There are 2 protein chains.
Amino acid sequence: MKSEKKIIPSVTCPIFRAQKIISGKWKIYLLYLLSQGTKRFSDLYRETPGITQAMLSKQLRELEAAGIISRYVYPEIPPKVEYSLTELGQNFMPVLDELAKWSCTHLHPEEGEEKISGSA
Amino acid sequence: MKSEKKIIPSVTCPIFRAQKIISGKWKIYLLYLLSQGTKRFSDLYRETPGITQAMLSKQLRELEAAGIISRYVYPEIPPKVEYSLTELGQNFMPVLDELAKWSCTHLHPEEGEEKISGSA
DNA sequence: CAGCATCCCAGAGGATACTG
DNA sequence: CAGTATCCTCTGGGATGCTG
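A short tour of the structure in this document, coming up. In this text the structure is predicted, and so the values were computed from the model without any measurement.

### Structural notes on the protein's contact with DNA strand C
Surveying the vicinity of DNA strand C reveals 22 residues, the closest of which are Phe41, Ser42, Ser57 and Arg61 of chain A together with Lys25 of chain B. The contact atoms of DNA strand C, taken as those within 4 Å of the protein, divide so that sugar and phosphate hold 80%. Within the contact set of DNA strand C, a sugar or linking oxygen lies 3.3 Å away from a backbone nitrogen or oxygen of Pro79 of chain A. Measuring from a phosphate oxygen of DNA strand C, one finds a side-chain N or O atom of Lys25 of chain B at 2.4 Å. Elements that contribute at least two residues to the surface near DNA strand C include exactly α4 (41–46), α5 (53–65) and β3 (80–85) of chain A together with α5 (53–65) of chain B. Each residue belonging to the surface near DNA strand C can be placed in one class, and the counts come to 10 nonpolar, six polar and six charged.

### Observations concerning the packing of helix α2 (residues 14–22) of chain A against helix α3 (residues 27–34) of chain B
One way to put it is that α2 of chain A packs onto α3 of chain B with a least axis distance of 9 Å and a crossing angle of 155 degrees. Considering the angle they form, α2 of chain A stands roughly antiparallel to α3 of chain B. Where α2 of chain A crosses over α3 of chain B, the handedness of that crossing is right-handed. Residues Ile15, Phe16 and Gln19 of chain A of α2 of chain A pack against Ile28, Tyr29 and Tyr32 of chain B of α3 of chain B. By residue class, the composition of the contact of α2 of chain A with α3 of chain B is five nonpolar, one polar and no charged.

### A short note on the packing of α3 of chain B against helix α6 (residues 87–106) of chain B
For any two helices packed against each other, the geometry is given by the interaxial angle and the distance between the axes. Residue and element names in this part refer to chain B. With their axes 11 Å apart at the nearest point, α3 and α6 run at an angle of 110 degrees to one another. In terms of orientation, α3 lies roughly perpendicular with respect to α6. Counting all contacts with α3, which are made through Ile28, Leu31 and Tyr32, the residues of α6 involved are Phe92, Met93, Leu96 and Leu99. Across the contact of α3 with α6, the residue classes break down as seven nonpolar, no polar and no charged.

Parameters at a glance
The numbers attached to residues start from 1 for each chain and follow its sequence in the written order. By the order in which they are written, chains take letters starting at A while ligands take numbers starting at 1. Two thresholds apply to this predicted model, a pLDDT of at least 70 for residue-level local features and 80 or more for giving and counting side-chain atom pairs, whereas whole-chain, interface and lining totals are computed over all residues. Hydrogens and water are ignored here; the side-chain numbers use all heavy atoms of the structure. Residue proximity to a molecule or strand is established when one non-hydrogen atom of the residue lies within 4 Å of it. Any pair of N or O atoms that falls within 3.5 Å is considered a polar contact. Within protein, one atom must be able to donate a hydrogen and the other to accept it, and sequence-neighbouring residues count only if both atoms are side-chain atoms. The way it works is that DSSP assigns letters per residue, a run of H or I at least four long becomes a helix, a run of E at least two long becomes a strand, and they are numbered from the N terminus. Classification convention: Asp, Glu, Lys, Arg as charged; Ala, Val, Leu, Ile, Met, Phe, Trp, Tyr, Cys, Pro as nonpolar; all other residues, Gly among them, as polar. Axes, fitted as lines to C-alpha atoms, cover a helix only where it is in contact. Angles between the N-to-C directions of the axes lie from 0 to 180 degrees. Roughly parallel means an angle under 35 degrees; roughly antiparallel means over 145; roughly perpendicular covers 65 to 115; every other angle is labelled oblique. Less than a right angle of anticlockwise turn of the near helix away from the far helix marks a crossing as left-handed, whereas a clockwise turn marks it as right-handed. Here, residues are in contact when the closest pair of their heavy atoms is within 4.5 Å.

Written out as structure tokens, the structure is:
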């Protein structure tokens, strides 16, 4: 524990703060899914091929901690949990929209070098 | 070694593709810096407290590989290298703008749990 | 159904030293 | 000045299994 004050742009720069919140392999994608409306855990799980329950749960809790999404647990058996965007999450949508536009317009897969050749 | 093709949204979803490109601790911030105009390596280095030359170099090369920024090397001694946004990078600015707006409007440091109390 | 616990690993990120 | 090269740490992310 160094008590030295490190001057980092983390707090100074809004870009930095935002970036930290949305960083994560699935965060933005999950926000995109939730922009379509309230969804259950299983919905998100099914619509996010490749993710594990553990990861999904983790990412969702992080997004919840950031105040971007909210979680509603139905007092039922079997459990039912719904996730939805908060006000903050709704306000994030323009960013997502611009990102999607940018990606769709300029980031065509065929221009990249990546290929979905499986795990070869 | 499963030769099975994993169906991941990586390629399907534009959001996913974009996210992979801008992921990285400094990418977005560097794009922000370069949005202010062409800058030299040393400029970026000085304006990004906390980063190391190695990291800066790495991030810049990744951004360059993604076609978002361009690099111009002056044939001089001592070396002089300038970085600037490409067309693709310019087109990304709206995203950055929205992100900044979102962060500034809704992501006040005092609302979070983080505090820059430094050596407090 | 939803999610936690545990273990594991690759790679992102960092510190330091050296070079054309 | 603008980088490499090397080494090291840390944590994001993944696999699997268990539970209320």
